[in-house]
Amino acid sequence: MIDIFNLVALSGIFNILFFWYASTKMKSKPDPVKTLIVSFVFSIPLSFLLIGVYTTMLVYAAKSGASEDAMWEYMEQEELQ
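Residues numbered from 1 in each chain as written. Predicted model: local features only at pLDDT ≥ 70, side-chain atom pairs only at ≥ 80, totals over all residues. Heavy atoms only, no water.

Helix and strand content of the protein: three helices and zero strands. Starting at the N terminus, the α and β elements of the protein follow one another as α-α-α. Computed over its C-alpha atoms, the radius of gyration of the protein comes to 17 Å, more than 25% above the 12 Å expected for a compact globule of 81 residues. Considered along the principal axes of its C-alpha atoms, the protein spans approximately 55 × 25 × 15 Å. Buried positions account for 19% of the 81 residues belonging to the protein. Element-wise, carbon and sulfur atoms account for 71% of the exposed surface of the protein, whose accessible area totals about 6400 Å². Mean positive and mean negative side-chain charge positions of the protein (5 and 8 charges, respectively) differ by 27 Å. (Helix = DSSP H or I, 4+ residues; strand = E, 2+ residues; numbered from the N terminus. Rg over C-alpha atoms; globule rule 2.2 N^0.38 Å. Buried < 20%, exposed > 50% of the residue type's maximum accessible area, 1.4 Å probe, protein only. Areas by Shrake-Rupley, 256 points an atom, 1.4 Å probe, with all protein chains shown as cover. Lys, Arg positive; Asp, Glu negative; His and termini not counted. Charge placed at Lys NZ, Arg CZ, Asp CG, Glu CD.)

Encoded structure:
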């Protein structure tokens, strides 16, 4: 469970830093603080999406009696097909 929190935190930080850096490279030079706020707002739905997918996977694993590792393996096999 800690892994998903780390992933959400890293993706949010990357998103914020990317938007902030991109705002410094634009010709129109938008305000970096406003860009930081916008990037933070965009990272919130991404976080909820990642949490939703992970939670759905864990609920399905609990219903089917599989472990978390077994679910990751199943998802990887489905992705390869």
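Next comes the rest of the description.
Feature annotation in UniProt places "transmembrane region" (unreviewed entry) on residues 6-23 and 35-62, given in this structure's numbering. For residues 6-23, helix accounts for 100% and strand for 0%, while the C-alpha atoms at its two ends are 26 Å apart. (UniProt positions renumbered as here; feature names shortened; annotations may be inferred.)

This next bit is on the environment of Tyr-60. Counting through the fold element by element, Tyr-60 comes out in helix α2 (residues 32-64). Sequence separation of Tyr-60 and Asn-6 is 54 residues, and the distance between their C-alpha atoms is 22 Å.

A surface patch of negative charge is lined by Glu-68, Asp-69, Glu-73, Glu-76 and Glu-79. Tracing the chain through its elements places Glu-76 in helix α3 (residues 68-80). (Patch = residues over 30% accessible without salt bridge, like charges linked within 9 Å, V, L, I, M, F, W, Y side chains within 5 Å. Salt bridge = Lys/Arg side-chain N within 4 Å of Asp/Glu carboxyl O.)

Two elements in contact, α2 and α3, have axes separated by 9 Å at closest approach and are oriented at 115°. It follows from the interaxial angle that α2 and α3 lie roughly perpendicular. Where α2 crosses over α3, the two elements pack in a sense that is right-handed. Of the residues in α3, those in contact with Tyr-54, Met-57, Leu-58, Tyr-60 and Ala-61 of α2 are Glu-68, Met-71, Trp-72 and Met-75. Looking at the contact of α2 with α3 residue by residue, the class counts come to eight nonpolar, no polar and one charged. (Axes fitted to C-alpha atoms, helices over the stretch in contact; angles between N-to-C directions. Parallel < 35°, antiparallel > 145°, perpendicular 65-115°, else oblique. Left-handed = near helix turned anticlockwise from the far one by under 90°. Contact = heavy atoms within 4.5 Å. Nonpolar A, V, L, I, M, F, W, Y, C, P; charged D, E, K, R; others polar.)

Let's shift gears to the confidence of the model for the protein. Mean pLDDT over the protein stands at 75; residues scoring 70 or higher make up 90%. The weakest mean pLDDT in the protein belongs to helix α1 (residues 2-25) at 73; the strongest belongs to α3 at 78. (pLDDT = per-residue confidence, 0-100.)

Between its first and last C-alpha, α2 extends 48 Å over 33 residues, near the 48 Å set by a 1.5 Å rise per residue. Within α2, burial applies to Thr-35, Ser-39, Ser-43, Ser-47, Tyr-54, Met-57 and Ala-61. Of the residues flanking the end of α2, it is Gly-65, one or two places downstream, whose phi is positive at about 80°. (Expected span 1.5 Å × (residues − 1).)

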